[in-house]
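# Coordinate inspection notes
Listed here are the chains, written in short residue letters.
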Amino acid sequence: MGLVAWGSIYVVEYGPASLLWSGGNLVVLGYLGVKVLRLGNEGWASYYPAAPGRTTPDSYANTTA
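From a predicted model like this one, the values you see are computed outputs, not experimental measurements.

### Brief notes about the overall build of the chain
Of regular secondary structure, the chain possesses 4 helices and 0 strands. Tracing the chain from N to C terminus, the helices and strands come up as α-α-α-α. Residues counted as buried form 12% of the 65 residues belonging to the chain. Taken as a whole, the chain presents about 5900 Å² of accessible surface, with 67% of it coming from carbon and sulfur.

Below is the structure:
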C-alpha cells in the first residue's frame, strides 16, 4: 500500500484526487513513525547484533566458575 500511495503522486493530476493520495502517504508514514517511536530497547538492540569477541553479561557469566 505504501508504494502505491507514494508512487501515485506521479500519476494522479493535481487536484482533489491528489489530496486523497497524499492522505495515503500520511497514513502509511504515520503508521511507520508510530511503530518506530514505540520500539523498545530490545527491539532496537535486535537491529544491532553484538560484535564478535565482545563481552556481554551473559557471555561473562558462562566463562566464570
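That covers the picture; the talk isn't over yet.
### Topic: a nonpolar patch on the surface
Together, Val36, Trp44, Tyr47 and Tyr48 give the surface a local cluster of nonpolar side chains, amounting to about 500 Å² of exposed area. Inspection of the secondary structure assignment puts Tyr48 in the loop between α3 (41-47) and α4 (57-63). Residue classification places Tyr48 among the exposed positions, given a relative accessible area of 62%.

### Re the confidence of the model for the chain
Overall, the prediction assigns the chain a mean pLDDT of 75, with 63% of residues at 70 or greater. The least confident element of the chain is α4, whose mean pLDDT is 63; the most confident is helix α2 (residues 16-37), at 84.

### Some points on the environment of Val12
Within the secondary structure layout, Val12 lies in the loop between α1 (2-7) and α2. Excluding anything up to four places from it in sequence, Val12 contacts Ala17, Ser18 and Trp21.

### Examining α2
Three or four residues apart is the spacing at which side chains of an α-helix point the same way, because the helix has 3.6 residues per turn. For α2, which comprises 22 residues, the first-to-last C-alpha distance of 31 Å matches the rise-based estimate of 32 Å (1.5 Å per residue) to within 8%. Three or more residues of α2 are buried, namely Ser18, Gly24, Asn25 and Val28. Relative to the axis of α2, the buried residues are bounded by an arc of 115 degrees and lie together on one face. Counted as exposed and oriented over 90 degrees from the buried face of α2: Pro16, Leu19, Leu20, Leu26, Val27, Tyr31 and Leu37.

Rules used throughout
Residues numbered from 1 in each chain as written. Predicted model: local features only at pLDDT ≥ 70, side-chain atom pairs only at ≥ 80, totals over all residues. Heavy atoms only, no water. Helix = DSSP H or I, 4+ residues; strand = E, 2+ residues; numbered from the N terminus. Buried < 20%, exposed > 50% of the residue type's maximum accessible area, 1.4 Å probe, protein only. Areas by Shrake-Rupley, 256 points an atom, 1.4 Å probe, with all protein chains shown as cover. Patch = residues over 30% accessible without salt bridge, like charges linked within 9 Å, V, L, I, M, F, W, Y side chains within 5 Å. Salt bridge = Lys/Arg side-chain N within 4 Å of Asp/Glu carboxyl O. pLDDT = per-residue confidence, 0-100. Contact = heavy atoms within 4.5 Å. Expected span 1.5 Å × (residues − 1). Arc of directions from axis to C-beta.

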